[in-house]
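# Fold and geometry: a report
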Amino acid sequence: MWAFLERLLDSSMFSPHGICLLWEPELIWLHVASDAVIAVAYFSIPFALALLVSKRRDIEFNWIFWAFAIFIMACGFTHVFAIYTLWVPVYGIEGLVKALTAVASIVTAALLWQLLPKLLAIPSLAQLRQTQAALEEEGRQRRGAEDRLRTFRQVEATEGQIRQAQKMEAVGQLTGGIAHDFNNILTVITGTIQILGEEVADRPDLAAIAKLIDQAAARGAELTAHLLAFARLQPLQPRKVDINSLLIDSARLLRPTLGEHVEIDSILADDAAPALVDPSQLATTILNLALNARDAMPDGGKLTLESKNVVLDESYVGSNSEVAAGNYVMIAVSDSGCGIAVDHLDRVFEPFFTTKEVGKGTGLGLSMVYGFIRQSNGHIKVYSEVGHGTTVKIYLPQATGAARPLAEDPSQACIVGGDEAILIVEDDALVRRCVVTQVQSLGYRTLAAGNASEALTIIDNGEEIDLLFTDVVMPGSINGRQLAIEALNRRPSLKVLYTSGYTKNAMIHHGHLDTEVLLLAKPYRKVDLAKMIRTALAA
């Protein structure tokens, strides 16, 4: 083997290639220049391939580039030796280089043929564009489906409210007809029993029976009065009423009625506008709500009466079709009692429905309130949380002028949005979707959570959040206030805005919030939402 290599590398017996060219300078330098240029190109190509592979590690089958680099580098050496052998006959070394080049070429060719099916399977640019177009079309269809689903859910929710309103309307019409006919019967009974009572005045036993019948008829008349109030068929005498004065008088009369274990607090707006309403029926309504509140606080508590001017806009009307947009006077009656279960909230205004024990409630008090408010062209809303209390909000039309649509409301010009990130925490899915839609319409980026645990997970994930907008009372062991404390421990610069169906004064006196917090009471207008968000972000 060693002898073979010695013979192979021995150049003493060979002549250089220059002799074949008769040492003609033109031919020699032509070959030298050509081989030099080819060698330089062959040496530069592997460096370019190596740079490409090292910079783009994501390229698939990058190992084939290294095989090409080795093969082309070997080809470059063959041209270098072609120049060298013009003067020095080292044909043995040149042969070895060519042999290595041959091996590299065979290996590279074999790898390339093996890789060819995979290379052909790679999508072309046209195919990629076609696939991208198909994906974009699928995305558009999916977004369209999501929009239709969102619209369907909104329509479904609206239809549910409409069905509930229609049911209440149908029950009201039936109840009103029965009450009307029953009143005619009671009129006959009451009139005849009075005549009979006079005739048997000298018979104590019969007079007692007549008196008993008369008392039963009176109770029947009271019952029909409640039914007519629910059916919105009672005669009303609406006039311009000072709401604050009526609430002050009602509070004075309620103190002995509710007992010493119930504290009464009045939070009245100085600029509360007069309402167009029947004052005696409104006083009866306040009494009914106060008595319900007392029954919800058997161990004592706090009753809060509030007044405030509000504007119900088209956004609120969109989810509460029974009310017209415009200017109203709000009366809120809040208690710190046991609250109402969620599955009972939709039925609280139905006649004869009651959550009280048998014999402790007729189920007509709230029905009468509902009928009176609707007959007065007003609106009523109940917010309640089990274990935390109930707030009943009554909206009565202002007496200073007809309610005007929001489009004419100059306050709309004050709506200001932004591009900050807001985390919305609301346990009611429908309310949450509505709030997210409203906040997004103001230009803000939104994240949403159904409870405190989900909100803290989002905060811990490092999402960019400028404002925490959270409901105060939520299911679970962490309420809105405790969530804010935990969030501020994690992000001290975070801004916080609370929302609740309770009014701010009721929430504070119930011990849920401190006086310095920002609270947006439900329901709220879009302009109020925009204003409070900017106030919270600037705090």
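The structure we're discussing is the one just above.
Notes on the structure in this doc start here.

Criteria and thresholds
- Residue positions are given per chain, counted from 1 along the sequence in the order it is written.
- Only residues with pLDDT of at least 70 get local features here, since the model is predicted, and only at 80 or more are side-chain atom pairs given and counted; chain-wide, interface and lining totals rely on the full set of residues.
- Calculated side-chain values reflect all of the structure's heavy atoms, with hydrogen atoms and water omitted.
- Each pair of aromatic rings taken from Phe, Tyr and Trp, with Trp reduced to its six-membered ring, is defined by centres within 6.5 Å and is described as stacked if the planes are under 30 degrees apart, edge-to-face if over 60, and tilted in the remaining cases.
- By definition, any uninterrupted DSSP run of H or I lasting at least four residues is a helix, any uninterrupted run of E lasting at least two residues is a strand, and each is numbered from the N terminus.
- Working definition: with a 1.4 Å probe on protein chains only, accessible area under 20% of the residue-type maximum means buried, over 50% means exposed, and in between means partly exposed.
- In these notes, a set of buried Ala, Val, Leu, Ile, Met, Phe, Trp, Tyr and Cys residues joined through side-chain atoms within 4.5 Å is what counts as a nonpolar core.
- Contacts are assigned to residue pairs that have any heavy atoms within 4.5 Å of one another.

### Let's talk about the packing of aromatic side chains
Ring pairs (aromatic) are described by centroid distance and by the angle formed between their planes. The full count for this structure, using the stated rule, is 2 aromatic pairs. Considering the side-chain rings of W29 and W87, the 5.9 Å spacing of their centres and the 55° angle between planes classify their relative orientation as tilted. Of the two residues, W29 sits in helix α3 (residues 25-55) while W87 sits in the loop between α4 (63-84) and α5 (91-121), which places them 58 residues apart along the sequence. Residue classification places W29 among the exposed residues on the basis of a relative accessible area of 52%. Exposure remark for W87: the relative accessible area of 39% places this residue in the partly exposed category. Geometrically, the ring pair formed by F43 and F77 is edge-to-face, given 5.2 Å between the ring centres and 70° between the ring planes. Within this pair, whereas F43 is found in helix α3, its partner F77 is found in helix α4, the two being separated by 34 residues in sequence. Owing to a relative accessible area of 39%, F77 belongs among the partly exposed residues under this scheme.

### What to know about the environment of M13
Checked against the element boundaries, M13 lands in the loop between α1 (2-9) and α2 (17-20). For the pair M13 and P89, spaced 76 residues apart in the sequence, the C-alpha separation amounts to 8.8 Å.

### A look at the nonpolar core
One finds I243, L282, L303, I331, I380 and L396 to be the most contacted residues of the largest nonpolar core, which totals 36 residues. When residues no more than four places from it in sequence are discounted, the contact partners of I331 are I243, L247, L282, I286, E306, V392, K393, I394 and L396. Membership of the second largest hydrophobic core comes to 22 residues, among which are I459, L494, V517 and L519.

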